[in-house]
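Given next are the chains, with one letter for each unit.
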Amino acid sequence: MSRCRNFPALILLWSILSILTFGADELKTIPVKSRQMVKVFDATGHAAKMARFEKDGSGWKQVGASWRVVIGRNGLGKEREGDGRTPTGIFGLGEVYGNRMVETPMPFFLTADRKLICVDDAASRYYNRIVDRSRIVKDFGSFEEMYREDGLYDIVVTLGYNTQHEPGRGSCIFLHIANGNSPTAGCIAMTKEKLEALVKWLDPKKRPVVVIERWKPAARFAMR
């Protein structure tokens, strides 16, 4: 009987923890039309957790279990190009790139021809843009190949960071395949299997976003 009497209190506690997981301000800043969310949380050093959520009539609900990811070598809180940090905030998830066909509802582009690059030279008019190098006049000294021999970009999801292309603020931030437990230069990386499952789940009609938190959420226990 005592457990039955405490049940409403447990429900209330769970609700409070669910709110703390996202935060009132955070929920307000997620686009109203977004119904899919990927959350990066519990960051320690260059390690963090990731979880998927979908929104229905009763609010946000977690889809499946959370998993480990790696982030920038200097953790979270990107401020400038080359600082080794992953940006925090809420960003749209866009196109998927890959060196072979990938099962995904998202807009997809093949990188196998090796012409696609992401420009990270802040002085370039193409800064923080993925471009076909054969179709532009080069005005940059540095860039990232979208086709990599090491396989880390076999699948890539673009993240809508610095969409204003502000020089020096940071560029070429992606979700991509991890190199074991090694940190990234600022991207978010995971196993190939997890990334394959993620891009298969993402749906452009649900306007997916990624939420990257600097602080550990109080409700991390509820998300295990």
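All of these numbers come straight from a predicted model, not from anything done at the bench.

### Thoughts on the overall build of the chain
- Along the backbone of the chain there are 3 helices and 12 strands.
- Of all intrachain contacts in the chain linking residues separated by at least 6 positions in sequence, the fraction that spans at least 24 positions is 59%.
- Of the roughly 12000 Å² that the chain leaves accessible, carbon and sulfur atoms contribute 53%.

### Focus on unusual backbone geometry
- Unlike most non-glycine residues, Asn128 shows phi in positive territory, near 60°.
- Topologically, Asn128 is positioned in the loop between strand S6 (116–119) and strand S7 (130–132).
- Judged by relative accessible area, Asn128 falls into the buried class, the value being 14%.
- Of note, the phi angle at His165 is positive, near 60°, even though the residue is not glycine.
- Secondary-structure assignment places His165 in the loop between strand S9 (155–159) and strand S10 (174–177).

### Regarding the side chain of Lys49
- Locating Lys49 in the fold gives a position in strand S2 (residues 47–56).
- If we ignore the near neighbours within four places in the chain, the residues touching Lys49 are Lys39, Val40, Phe41, Asp42, Ser66, Trp67, Arg68 and Val69.

### Quick word on the environment of Met106
- Mapped onto the elements of the fold, Met106 is located in the loop between strand S4 (89–98) and strand S5 (108–110).
- Taking the C-alpha atoms as reference points, Met106 and Val199, separated by 93 residues in sequence, lie 7.3 Å from one another.
- Beyond its immediate sequence surroundings of up to four residues, Met106 is in contact with Leu93, Gly94, Val96, Leu202, Asp203, Pro204 and Pro208.

### Quick notes on the state of the cysteines
- Following the criterion strictly, the structure yields 1 disulfide and no others.
- Cys118 shares a disulfide with Cys172; S-S distance 2.1 Å. Handedness of the Cys118-Cys172 disulfide follows from its S-S torsion of about -100°: it is left-handed. Taken as a pair, Cys118 in strand S6 and Cys172 in the loop between S9 and S10 lie far apart in primary sequence, 54 residues in all.

### Some remarks on the pattern of salt bridges
- By the definition in use, this model includes 12 salt bridges.
- The salt bridge involving Glu196 is made with Arg100; its shortest N-O contact spans 2.9 Å. With Glu196 in helix H3 (residues 192–201) and Arg100 in the loop between S4 and S5, this residue pair connects regions lying 96 residues apart in the sequence.

### Focus: the environment of Gly59
- Relative to the helices and strands, Gly59 resides in strand S3 (residues 59–70).
- For Gly59 and Arg35, which are 24 residues apart along the polypeptide, the C-alpha to C-alpha distance reads 9.3 Å.

### Some points on the pairing of S4
- Bridging between S4 and strand S12 (residues 209–212) involves 4 bridges; their strand directions are antiparallel. What sits directly across from Gly92, in S12, is Val209.
- Note: S4 against S9, 4 bridges, orientation antiparallel. Among the inter-strand pairings, Tyr97 is bridged to a residue of S9, identified as Val156.

### Digging into the environment of Glu144
- Summarising the element assignment, Glu144 is placed in strand S8 (residues 143–145).
- Between the alpha carbons of Glu144 and Cys118 there is a distance of 5.0 Å; along the sequence they are 26 residues apart.
- When near neighbours in sequence (up to four residues on either side) are disregarded, Glu144 contacts Leu116, Ile117, Cys118, Asp120, Tyr153, Cys172 and Phe174.
- A polar atom in the side chain of Glu144 sits 2.4 Å from the side chain of Tyr153.

### Quick word on the packing of aromatic side chains
- The tally for this structure, following the rule as stated, stands at 4 aromatic pairs.
- Measuring from ring centre to ring centre gives 5.3 Å for Tyr97 and Phe109, while their planes differ by 25°; the resulting arrangement is stacked. One end of the pair, Tyr97, is in strand S4; the other, Phe109, is in strand S5, with 12 residues separating them in the sequence.
- Assessed through its relative accessible area of 39%, Phe109 is described here as partly exposed.
- Between the aromatic rings of Phe140 and Phe143, the centroid separation amounts to 5.8 Å while the plane-to-plane angle is 80°, which identifies the pairing as edge-to-face.
- We classify Phe140 as buried; its relative accessible area is 8%.
- Positioned above the aromatic ring of Tyr153 is the side chain of Arg148, whose terminal nitrogen or guanidinium carbon lies 4.8 Å from the ring centre.

Conventions used here
Residue indices follow the written sequence of each chain, beginning from 1 at its first position. Per-residue local features of the predicted model are confined to residues with pLDDT of at least 70, and side-chain atom pairs are confined, for both listing and counting, to 80 or more; whole-chain, interface and lining totals are unaffected and use all residues. Water and hydrogen atoms were dropped before computing side-chain values, which therefore reflect all heavy atoms in the structure. A helix here means a DSSP run of H or I that spans at least four residues, while a strand means a run of E at least two residues long, and both kinds are numbered starting from the N terminus. Here a residue-residue contact requires only that any non-hydrogen atoms of the pair lie within 4.5 Å. Shrake-Rupley sampling with a 1.4 Å probe provides the accessible areas, and residues are treated as covered by the protein chains on show and by no other component. Throughout, exposure labels follow a simple rule: accessible area from a 1.4 Å probe, protein chains only, divided by the maximum for the residue type, with under 20% read as buried, over 50% as exposed, and the rest as partly exposed. Throughout, disulfides are identified as pairs of cysteine sulfur atoms within 2.5 Å of each other. Salt bridge criterion: a side-chain nitrogen from Lys or Arg within 4 Å of a carboxyl oxygen from Asp or Glu. Note on pairing: two strands pair once DSSP finds at least 2 bridges between them. In protein, a polar contact requires one atom able to donate a hydrogen and another able to accept it; more generally it is a pair of N or O atoms within 3.5 Å, and residues adjacent in sequence count only if both atoms are side-chain atoms. Here a pair means two rings of Phe, Tyr or Trp (six-membered ring of Trp) with centres within 6.5 Å. Their orientation is stacked below 30 degrees between planes, edge-to-face above 60, and tilted elsewhere. Two limits define a charge over a ring: the Lys NZ or Arg CZ must be within 6 Å of the ring centre, and within 35 degrees of the ring normal.

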